[in-house]
Each structure stands twice: as structure tokens, then as C-alpha cells.
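Residue strings, one per chain:
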Amino acid sequence: MSGPAPALAAIGDLPDWLRPLAQVAARVRPEEISRFLPPATGGRPGAVLILLGEGESGPDLLLIERAPDMRSHAGQPAFPGGAVDPGDDGPVAAALREAHEETG
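These numbers come from a predicted model, not from an experiment. (Residues numbered from 1 in each chain as written. Predicted model: local features only at pLDDT ≥ 70, side-chain atom pairs only at ≥ 80, totals over all residues. Heavy atoms only, no water.)

## Overview of the overall build of the protein chain
- Assigned secondary structure in the protein chain consists of 3 helices and 6 strands.
- Each helix and strand of the protein chain, placed in order from N terminus to C terminus, yields the pattern α-α-β-β-β-β-β-β-α.
- Principal-axis analysis of the C-alpha atoms gives the protein chain an extent of 40 × 30 × 30 Å.
- When each of the 104 residues of the protein chain is scored for burial, the buried share is 14%.
- Once the 8 positive and 15 negative side-chain charges of the protein chain are each reduced to a mean point, those two points are 10 Å apart. (Helix = DSSP H or I, 4+ residues; strand = E, 2+ residues; numbered from the N terminus. Buried < 20%, exposed > 50% of the residue type's maximum accessible area, 1.4 Å probe, protein only. Lys, Arg positive; Asp, Glu negative; His and termini not counted. Charge placed at Lys NZ, Arg CZ, Asp CG, Glu CD.)

What follows is the structure in C-alpha cells.
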């Protein structure tokens, strides 16, 4: 990976509704939230965009619906994202590129 790591906001700088999520995310272990863990060897780097915002009716979360003809997880909701390509400047750039491709 190349490029600087993204800056993280201090918890006090976040909206009240987002603080509990940030606090949990700072200490959660992968096996606590998924049984699908990366392989010990192999695999490919990937990235997703988790876009949270304040909408007219409260917090918003961007999800996409996977295409109905995909070979796995067809029609399921998902975060936009995918593989990190060789031309990407790290996972942040990959997540933003994929989100733009998938949502416009």
C-alpha cells in the first residue's frame, strides 16, 4: 500500500449518534463480527466504503444492492467496494473508486 494513512477524527469531533459506533470500532476484533475471516495466506486486498451521514430524518448509511445474477450473495445489500487494483493509491483510493463505479 502507498500513500498516507487517513486521518481519524477524535471521538469528541463526531456527532453524538456516531460516537458509540466509533468507540466500538476502535476495539472490536474481526472474529467478533464475522465468521468469514481473511485467509492466513493468499487472498487479495480489498476495500469498502462505509459512508455515514446526517440525513433529513437522522443518520444515513450508504448501501448498494448486489446484482441478482451474481454467483455469490446475489441481491444482497452491501457496502460499495471491491479489490484494490494495481493503479490504486491504497485501500482508501480503491474504496472511493469502487463506490464511484457502483453508485456514480
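## With respect to the pairing of strand β3 (residues 58-61)
- Sheet topology places strand β2 (residues 52-55) next to β3; 4 bridges connect them, and they run antiparallel. What sits directly across from Gly53, in β3, is Asp60.
- Remark: 2 residues form the turn of the hairpin made by β2 and β3, two consecutive strands paired antiparallel. (Pairing = 2+ DSSP bridges.)

## Notes on the confidence of the model for the protein chain
- Summarising the model, the protein chain shows a mean pLDDT of 87, and 91% of its residues fall at 70 or more.
- The lowest-confidence element of the protein chain is helix α1 (residues 19-25), averaging 88 in pLDDT; the highest-confidence one is strand β5 (residues 77-78), averaging 96.
- In the predicted structure, residues 1-6 sits below a pLDDT of 50 and forms 5 contacts with residues beyond four places in sequence or in another chain. (pLDDT = per-residue confidence, 0-100. Contact = heavy atoms within 4.5 Å.)

## Some words on helix α3 (residues 91-103)
- Its 13 residues give α3 an end-to-end C-alpha distance of 18 Å, which sits within 8% of 18 Å, the value for a rise of 1.5 Å per residue.
- For α3, every residue scored as buried is listed here: Ala94, Ala95, Glu98 and Ala99. For α3, the arc enclosing every buried residue in end-on projection is 130°, short of the 170-degree limit, so these residues lie on one face. Exposed residues lying more than 90 degrees from the buried face of α3 are His100 and Glu101.
- Looking at the buried side of α3, the elements it contacts are β1 (46-48) and β6 (81-83).
- Just beyond α3, the residue with positive phi is Gly104, at close to 80°. (Expected span 1.5 Å × (residues − 1). Arc of directions from axis to C-beta.)

## Here we look at the pattern of salt bridges
- The tally for this structure, following the rule as stated, stands at 7 salt bridges.
- Residues Arg97 and Glu98 are paired through a salt bridge, measuring 3.3 Å at the closest nitrogen-oxygen approach.
- We classify Glu98 as buried; its relative accessible area is 11%.
- Each member of the salt-bridge network shares a partner with another, and the members are Asp85, Asp88, Arg97, Glu98 and Glu101. (Salt bridge = Lys/Arg side-chain N within 4 Å of Asp/Glu carboxyl O.)

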